[in-house]
Amino acid sequence: MSVNLRGRSLLKLLDYTPSEIRYLLDLSKNFKDLKRTNTPHKYLKGKNIALLFEKTSTRTRCSFEVAGYDLGMGVTYLEPGSSQMGKKESIKDTARVLGRMYDGIEYRGFSQDLVEELSKYAKVPVWNGLTDEFHPTQMLADLLTIEENFGYLKGINFTYMGDARNNLGNSLMVACAKMGLNFTSCAPKELWPNKELVEECQKIAKDSNCTITLTEDVKEGTKNADVIYTDIWVSMGEPEEMWAPRINLLKPYQVNDEVMNNASKNAIFMHCLPSFHNRETTIGEKIYEKFGISEMEVTDSVFESKRSKVFDEAENRMHTIKAVIYATLC
Ligand code: CP
Ligand code: NVA
């Protein structure tokens, strides 16, 4: 059956079938070719989109903006705290106002319920640009990057290290289960994803003929991995006081040369970014002063190595977001 995503929102990958995800990945490749060959593709001229951010962003915001311009659209960026939403106006009212003016709305914010509510009332496609629970547009870029490196997705051994119950830990488990990658969550038990989501992903994985594994053991969890993925240890919206307990819990789960050497011969390193791999940021420097560590979730040596695909991954945010906008608005 042919795939048609017109009018659909993208709130979480759980809502999409493997064929729909496949369709978006193939479309992304086409858009990447068009961009590389400098071929104009202003297919959505005359349409307008709003980008509503309640948390900061570099990649997601820039990807939506450039994708929108490349497609010939008008783009409005609403930075955190700059609209009436939340303080004077509810999500429901904001949705009904923006839905009258725009053809699509991107939202980055806190709980998943907020983006679901926005989508319920906007009457136009809503795209989740990250919530506390999920980051679906990041998943498409990650899948595309893996496929570009290995030529396939099914059967890839994928290991996520770190805070396995944050938006990335949850989303990667879903993405792998949907697309047939063997997913391992390598993290302390305190930070494992919630039981219901694990069980749901196990069911999906069974249909996709792949596995979901949770382990605290770094050697076992990273052995023969084709992809080693990590994320920052304290996510946006979490209090600063979380740094001390997280560093304590996650220090043994740092991605370093030993971890990469335990993985498969051709293993790649991935990270959604931003990343604390040196002291060249204000937070990185503060952490160094307080805790005496200059690298956190990944060492500088791995981050800067040939195995690191983090900037390909960042570029792919734009091509995949373009595919999502086009597929849902065309
Ligand atoms: N990976 C990602 O979502 O980056 P930004 O926070 O910069 O958008
Ligand atoms: N888990 C991170 C992802 C950033 C893209 C956060 O939510 O801050």
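Let me begin by describing the structure that accompanies this report. (Residues numbered from 1 in each chain as written. Chains lettered and ligands numbered in written order. Predicted model: local features only at pLDDT ≥ 70, side-chain atom pairs only at ≥ 80, totals over all residues. Heavy atoms only, no water.)

**Some words on the site of ligand 2**
Put simply, the rule is: When at least one non-hydrogen atom of a residue lies within 4 Å of a molecule or strand, that residue is treated as near it. The definition of a polar contact used here is a pair of N or O atoms within 3.5 Å, where within protein one atom must be able to donate a hydrogen and the other to accept one, and adjacent residues in sequence count solely through side-chain atom pairs. We get accessible surface area from the Shrake-Rupley algorithm with a probe of 1.4 Å; when it comes to residues, only the shown protein chains can shield them. A cavity here means a set of points on a 1 Å grid, drawn over the protein atoms and nothing else, where a 1.4 Å probe fits but cannot get out; a pocket is an open set with protein on both sides within 12 Å along at least five of seven lines, and a residue lines either one if it has an atom within 4 Å of a point. Put plainly, a molecule is in a cavity or pocket when over half of its atoms are within 2 Å of the grid points there. Under the convention adopted here, Pro, Cys and the residues Ala, Val, Leu, Ile, Met, Phe, Trp and Tyr are nonpolar, Asp, Glu, Lys and Arg are charged, and Gly plus all remaining residues are polar.
Around ligand 2, the surrounding shell consists of Leu130, Asn166, Asn167, Leu168, Asp231, Ile232, Ser235, Met236, Cys272 and Leu273. A distance of 2.7 Å is found between a nitrogen atom of ligand 2 and a side-chain nitrogen or oxygen belonging to serine 235. Between ligand 2 and methionine 236 there is a distance of 2.8 Å, counted from an oxygen atom to a backbone nitrogen or oxygen. Computed on the free molecule, ligand 2 has an accessible area of 270 Å², of which 96% lies beneath the protein chains in the complex. Because more than half of its atoms lie within 2 Å of the grid, ligand 2 is assigned to the largest pocket. Residue composition of the shell around ligand 2, by class: 6 nonpolar, 3 polar and 1 charged.

**What about the pairing of strand E9 (residues 268-271)?**
What counts here: Relative accessibility thresholds used throughout: buried, under 20% of the residue-type maximum; exposed, over 50%; partly exposed, between the two (1.4 Å probe, protein chains only). Secondary structure is summarised from DSSP: a helix means a run of H or I of at least four residues, a strand means a run of E of at least two, and numbering begins at the N terminus for each. Note: two strands are recorded as paired if DSSP finds a minimum of 2 bridges between them.
What you see with E9 is no split at all: Ile268 and Met270 on one side and Phe269 and His271 on the other are buried throughout. One ladder, built from 4 bridges, connects strand E8 (residues 227-230) with E9; its direction is parallel. Looking at E9, one finds that tyrosine 229 is bridged to methionine 270.

**A closer look at the packing of helix H5 (residues 136-150) against helix H13 (residues 310-329)**
Cut-off, in case you're wondering: Structural elements are reduced to axes, namely lines fitted to C-alpha atoms, with helices fitted over the stretch in contact, and the angle between N-to-C directions of any two is expressed from 0 to 180 degrees. The cut-offs work like this: below 35 degrees is roughly parallel, past 145 is roughly antiparallel, 65 to 115 is roughly perpendicular, and the gaps in between are oblique. For any pair of crossing helices, the crossing counts as left-handed if the nearer helix is rotated counterclockwise from the farther one by less than a right angle, and right-handed if it is rotated clockwise. Whether two residues are in contact is decided by their heavy atoms: any pair within 4.5 Å suffices.
Put simply, H5 and H13 touch, their axes get as near as 8 Å, and they point 120 degrees apart. Looking at the two axes, H5 sits oblique to H13. Along this stretch, H5 crosses H13, giving a crossing that reads as right-handed. Touching Thr137, Gln138, Leu140, Ala141, Asp142, Leu144, Thr145 and Glu148 of H5 are Asp312, Glu313, Asn316, Arg317, Thr320, Ile321 and Val324, all from H13. The class makeup of the residues in the contact of H5 with H13 is 5 nonpolar, 5 polar and 5 charged.

**As for the packing of aromatic side chains**
In this description, a pair of aromatic rings is defined by centroid distance and the angle of the planes. What counts is decided by this rule: Two rings from Phe, Tyr or Trp (for Trp, the six-membered ring) form a pair when their centres sit within 6.5 Å of each other. Planes less than 30 degrees apart are called stacked, planes more than 60 degrees apart edge-to-face, and all others tilted. We count a charge as sitting over a ring when the NZ of a lysine or the CZ of an arginine lies within 6 Å of the ring centre and within 35 degrees of the ring normal.
Applying the stated criterion across every chain yields a total of 10 aromatic pairs. Aromatic side chains phenylalanine 303 and phenylalanine 311 sit 5.8 Å apart centroid to centroid with 85 degrees between the ring planes, which places their arrangement in the edge-to-face category. In this structure phenylalanine 311 comes out as exposed when scored by relative accessible area, which is 54%. The structure contains a cluster of three or more aromatic residues connected by ring pairs, namely Phe158, Tyr160, Phe183 and Tyr229. One residue, arginine 61, lies across the ring of tyrosine 77, its end atom 3.6 Å from the ring centre. Between the NZ or CZ atom of arginine 279 and the centre of the ring of tyrosine 288, over which it lies, the distance is 3.6 Å.

**Overview of unusual backbone geometry**
In this chain, leucine 273 is followed by proline 274 through a cis amide linkage whose omega measures 5 degrees. Among the structural elements, proline 274 can be located in the loop between E9 and helix H11 (282-291). Unlike most non-glycine residues, lysine 123 shows phi in positive territory, near 60 degrees. Phi angles above zero are rare outside glycine, and leucine 130 is one such case at about 125 degrees. By the secondary structure assignment, leucine 130 is in the loop between strand E4 (126-128) and H5.

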